[in-house]
Amino acid sequence: MPRNCIRETSAKENEIFLWKMDPPNKERRSPENGPSSARTCCSSLKMFLVALSFAYFAKALSGSYMKSTITQLERRFDIPSYLIGVIDGSFEIGNLLVIAFVSYFGAKLHRPKIIAIGCLLMSLGTFLIALPHFIIGRYKFETSIRSSVNSTSDLSPCPVRSSVLAAGPSASSVPSSGCEHESMLSMWIYVFLGNILRGIGETPVQPLGISYIDDYALEENAAFYIGCVQTISVIGPVFGYLLGSVCAKIYVDIGFVNMESISITPGDARWVGAWWLGYLIAGLITLLSAVPFWFLPKSLPLPERRLAKYSPERTSFIKDSPLLEHKYQADEPANFLEMAKDFLPTLRSLLGNPVYFLYLCITIIQFNSLIGMVTYKPKYIEQHYGQSASKANFLMGVINIPAVALGMFSGGVIMKKFKLSIMGAAKFALGTSLLGYFLSLFFFAMGCENASVAGITRSYTGMESLYKVDSSLLASCNADCQCPETNWDPVCGENGLTYFSPCLAGCRTSHGSGIDTVFEQCSCVAVGNHTASAGQCNNRDSCHRVFPYFLALSVITSFIISLGGTPGYMLLIRCIRPQLKSLALGFHTLTTRTLAGIPAPIYFGAIIDTTCLKWGQKKCGGRGACRIYNTTAYRIAYLGLTLGLRTASFFLCILGLVVLRRHVRRQERNTLTNGGTAAAAGELQALRKEENNSCNSDQCPQTADYDPERETRL
């Protein structure tokens, strides 16, 4: 086709396009107003960047707060860890329901407004999670301690030849009042449904937000902008875990009970913090994050520098198809029926990219390891190192999460500074992951002994260790007490041994109230004055010595592994066609959350449950939450599963690197040998310069929404 014919058709099409889109406002597109349009584009993009960062912050805060409350929810609803995994995975179930449709159809619609609707749904789901606190009764825990100092009768945990006090077997075997009502409806269902709603609302934020930035930012700035957003998303968990730390210190029924009557401390296995309060705060923040998106435009004009520069890496991994060439233009009218017909062919084309497919498999395995590890890490710190839930959350927020944020931001800066190619980004991500993996092996050496509990981990003489099959809470020293074996009400004897309850310690009398209660005449405490104090013994000195080293190594490994986060994410974006970015990001999120986000917390929790030494009992009967774990088995199961999954992923990483290198070399050879393509590219470049010159001479209109792909077709 003659070149002058192409130019005349292109100018005509541009005139029609300008008249349809904005007929009254022609001055804005004049050459004199070009810089003003560029400034408007830049300011709108920065406003979207700030709004998206706040939305990332809000969703990350509420998500991390959910993980900080898993032990609180276990104790409040008396459920095992695997059921907590089901609740945690319900967020991913919500994503699964709508993410494919949001990612595909959302790219054709008003992306900022769809994100705003998602934020509103997230806020509603967060409020729903807090609802059970306001409809369930007051929290009641097992205790043999008087709640009031004004009580005149001395408490006798072990009345000789008596039928036991209120917490005895007879009381345990008969359902208490209100049991019939509780058995009909489990309140954790509200938490489950609220988390599903949170997952539905969170769906459009990542795929539509990231693709919006990558569409309208300069190519050299896109990695930096996305790195900033990802960094903010990691700062959100800092505040989420700090909020969890504050709320875990506050008693669950604060404002409704006399705090002087509470006989347990935040370090007790029966303590439940004000978990509901944090969800109300997180829901309000998420609600505010929806506001800016209502005022942002559907699309932005492309920067001038981007019009003249297109990276061959962006389009070299999926073959061009004439069937798909005219699709997926953001400014074309959206026809839902036509888009629906194109969905399966487009998805087939996307999965036909071997680099994308291998990347998908690798991240599924690594996300299984990451999600399981992060979900139960606060609980691991609590159970293994004897820390309270409040302190565990505080350490996660102040020490561990900032290291991840710094690592992700540094990774984005490194990629921008050294202008890493696709191969460079892949090698960098693999290298940091391997280094962090080898350092993580040292966690196995940072062990901690089991807590000394009479009849569970130690004999009643305190001289020998017990295994689970040999454990028995009954002994000759408490045989006359007829004690219940289900109520966890620990006391610390003078001999440094923890007893399951005052009754099982053989204590006959007590004085004082609340946490200051002292039990006397304890027949199982064979030293001193035969006394015991309320609460579990805190004499695990070796754990306290090794804990700082655990924290230091945790910070180092988190920083090193997260260095490869942003380069790895940019690898995902750069290995696909620009028109398929939203679908690729959405499908990646869909598969990782379906095959990692949902099952990982469940099977991690189920394996952790196997290390439980003593279960609590629900008020209406049945197994409740675990009271004490075998810390050695817990460490092996938790760390072994985490690092085992990462080991498997490295085999696929090596295969993916080989496939990626072959593709890069093949495309380099095609670029050198395909003279026709190079000549066509040169001709179009010359044509673009001639048209620009003619536009500068006021011979044709100029538009800020100019698209070189439209010119190529014409």
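Just so you know, these numbers come straight off a predicted model, no measurement behind them.

Asks: In this structure, what is going on with the nonpolar core? I would like to understand it.
Replies: Side chains that are nonpolar tend, in soluble globular proteins, to be buried together. One finds F48, L52, I213, F293 and Y356 to be the most contacted residues of the largest nonpolar core, which totals 63 residues. In terms of residue count, helix α2 (residues 34-68) provides more of this core than any other element does, 7 residues in total. With sequence-adjacent residues up to four places away left out, L52 is seen in contact with V205, G209, I210, I213, V229 and F293. In terms of nonpolar packing, the next biggest core, distinct from the first, is built from 57 residues, I79, C247, I262 and Y380 among them.

Asks: Explain the packing of aromatic side chains here, please?
Replies: The description of an aromatic ring pair uses the distance of the two centres, along with the angle that the planes make with each other. Under the definition given, this model contains 24 aromatic pairs. Each ring, one from Y385 and one from F550, has its centre 4.9 Å from the other, and the planes form 40°; the classification is tilted. Pair noted here: Y385 is in helix α16 (residues 354-385) and F550 is in helix α19 (residues 541-563), with a separation of 165 residues, a long-range link. For the pair Y385 and F550, one class covers both residues: buried. Ring centres 5.3 Å apart and planes at 80° place the aromatic pair Y437 and F650 in the edge-to-face group. Taken together, the positions of Y437 in helix α18 (residues 422-440) and F650 in helix α23 (residues 631-673) put the pair 213 residues apart, joining distant regions of the chain. Pair check on accessibility: Y437 and F650 agree, each one buried.

Asks: Help me understand the environment of M446, please; the structure alone is not making it clear to me.
Replies: Tracing the chain through its elements places M446 in the loop between α18 and β1 (491-493). In the structure, M446 is positioned 103 residues away from Y549 in sequence and 8.0 Å away in space, judged by C-alpha atoms. Once residues lying within four places of it in the same chain are set aside, the contact partners of M446 are H384, Y385, V546, Y549, F550, L553 and R635.

Asks: Can you walk me through the pairing of strand β6 (residues 612-617) in this structure?
Replies: Sheet faces and side chains relate simply in a regular strand, where the side chains alternate between the two faces. Within β6, 5 of the 6 residues are buried, which leaves the element mostly enclosed by the surrounding structure. Where β6 hands over to strand β7 (residues 623-629), the hairpin turn is made up of 5 residues, of which G621 adopts a positive phi near 95°.

Asks: Hey, could you run me through the sheet that holds β1 in this one?
Replies: One key point about sheets: their strands pair by backbone hydrogen bonds, in either a parallel or an antiparallel sense. Taken in spatial order, the 5 strands make up an open sheet running β2-β1-β5-β4-β3, and their pairing is antiparallel. Only two strands of the sheet have a single partner each, and these edge strands are β2 (498-499) and β3 (509-511).

Asks: Quick question: what am I supposed to make of the state of the cysteines here?
Replies: Counted according to the given criterion, the structure contains 6 disulfides. Through a disulfide, C448 is tied to C543; the S-S separation comes to 1.3 Å. Its S-S torsion of approximately 85° makes the covalent link between C448 and C543 right-handed. Here C448, found in the loop between α18 and β1, pairs with C543, found in helix α19; they are 95 residues apart in sequence, far enough to count as distant. Given a relative accessible area of 5%, C448 falls into the buried group. With relative accessibility at 1%, the residue C543 sits in the buried group. In this model C483 forms its disulfide with C503; the gap between the sulfur atoms is 1.9 Å. Taking the torsion about the sulfur-sulfur bond, which here is approximately -85°, the covalent link between C483 and C503 counts as left-handed. You can see C483 sitting in the loop between α18 and β1 and its partner C503 sitting in the loop between β2 and β3, a full 20 residues away along the chain. Under the relative-accessibility criterion, C483 is labelled buried at 7%.

Asks: I keep staring at the packing of helix α5 (residues 111-130) against helix α12 (residues 275-289) and nothing clicks. Help me out?
Replies: Where α5 contacts α12, the two axes come as close as 8 Å, and the packing angle between them is 165°. One element, α5, and the other, α12, form an angle in the roughly antiparallel class. α5 and α12 meet at a crossing whose hand is left-handed. In contact with C119, L120, M122, S123, T126, F127, I129 and A130 of α5, α12 contributes W275, W276, Y279, L280, A282, G283, L284, T286, L287 and S289. Considered class by class, the residues forming the contact of α5 with α12 number 13 nonpolar, 5 polar and no charged.

Asks: Please clarify how the side chain of T363 should be interpreted in this entry.
Replies: Among the secondary structure elements, T363 is positioned in helix α16. Taking the relative accessible area as the measure of exposure, T363 reaches 9% and is therefore buried. Within the structure, the side chain of T363 is placed 3.0 Å from the backbone oxygen of L360, a separation counted as a polar contact. Residues within four places of T363 in sequence aside, it is in contact with H588 and T592.

Asks: So what exactly am I meant to see when it comes to unusual backbone geometry here?
Replies: Leaving glycine out, the prevailing phi sign among residues is negative, and the prevailing peptide bond configuration is trans. A positive phi angle is found at D78, which is not glycine, with a value near 50°. Looking at where D78 falls in the secondary structure, it is placed in the loop between α3 (70-77) and α4 (81-106). Residue D78 is classed as buried on the basis of its relative accessible area of 16%.

Parameters and conventions
Within every chain, residues take consecutive numbers counted from 1 along the sequence as written. Totals for whole chains, interfaces and linings use every residue, but because this is a predicted model, local features are given only for residues with pLDDT of at least 70 and side-chain atom pairs only at 80 or more, for both listing and counting. Side-chain measures were taken over the full set of non-hydrogen atoms in the model, leaving aside hydrogen atoms and water. Among buried residues, those of type Ala, Val, Leu, Ile, Met, Phe, Trp, Tyr and Cys that are joined through side-chain atoms within 4.5 Å constitute a nonpolar core. Each residue's exposure class comes from its accessible area (1.4 Å probe, protein chains only) as a fraction of the maximum for that residue type: buried when under 20%, exposed when over 50%, partly exposed otherwise. Here a strand is any run of E in DSSP of at least two residues, a helix any run of H or I of at least four, and the numbering for each starts at the N terminus. The contact criterion used is simple: two residues touch if any of their non-hydrogen atoms lie within 4.5 Å. Whether two aromatic rings pair depends on their centres lying within 6.5 Å, for rings of Phe, Tyr and Trp, where Trp uses its six-membered ring; planes under 30 degrees apart make the pair stacked, over 60 edge-to-face, and the rest tilted. At least two DSSP bridges between two strands are needed for those strands to be called paired. Cysteine sulfur pairs qualify as disulfides if the two atoms are within 2.5 Å. What counts as an axis is a line fitted to C-alpha atoms, over the stretch in contact for a helix, and the angles between N-to-C directions run from 0 to 180 degrees. Reported orientations rely on four angle classes, namely roughly parallel under 35 degrees, roughly antiparallel over 145, roughly perpendicular from 65 to 115, and oblique for the rest. Left-handed describes a crossing in which the near helix is turned anticlockwise from the far one by less than a right angle; the clockwise case is right-handed. Each residue receives one of three labels: charged for Asp, Glu, Lys and Arg, nonpolar for Ala, Val, Leu, Ile, Met, Phe, Trp, Tyr, Cys and Pro, and polar for the others, Gly being one of them. Side-chain atoms alone can form a polar contact between residues adjacent in sequence; in general such a contact is a pair of N or O atoms within 3.5 Å, and within protein one must be able to donate a hydrogen while the other accepts it.

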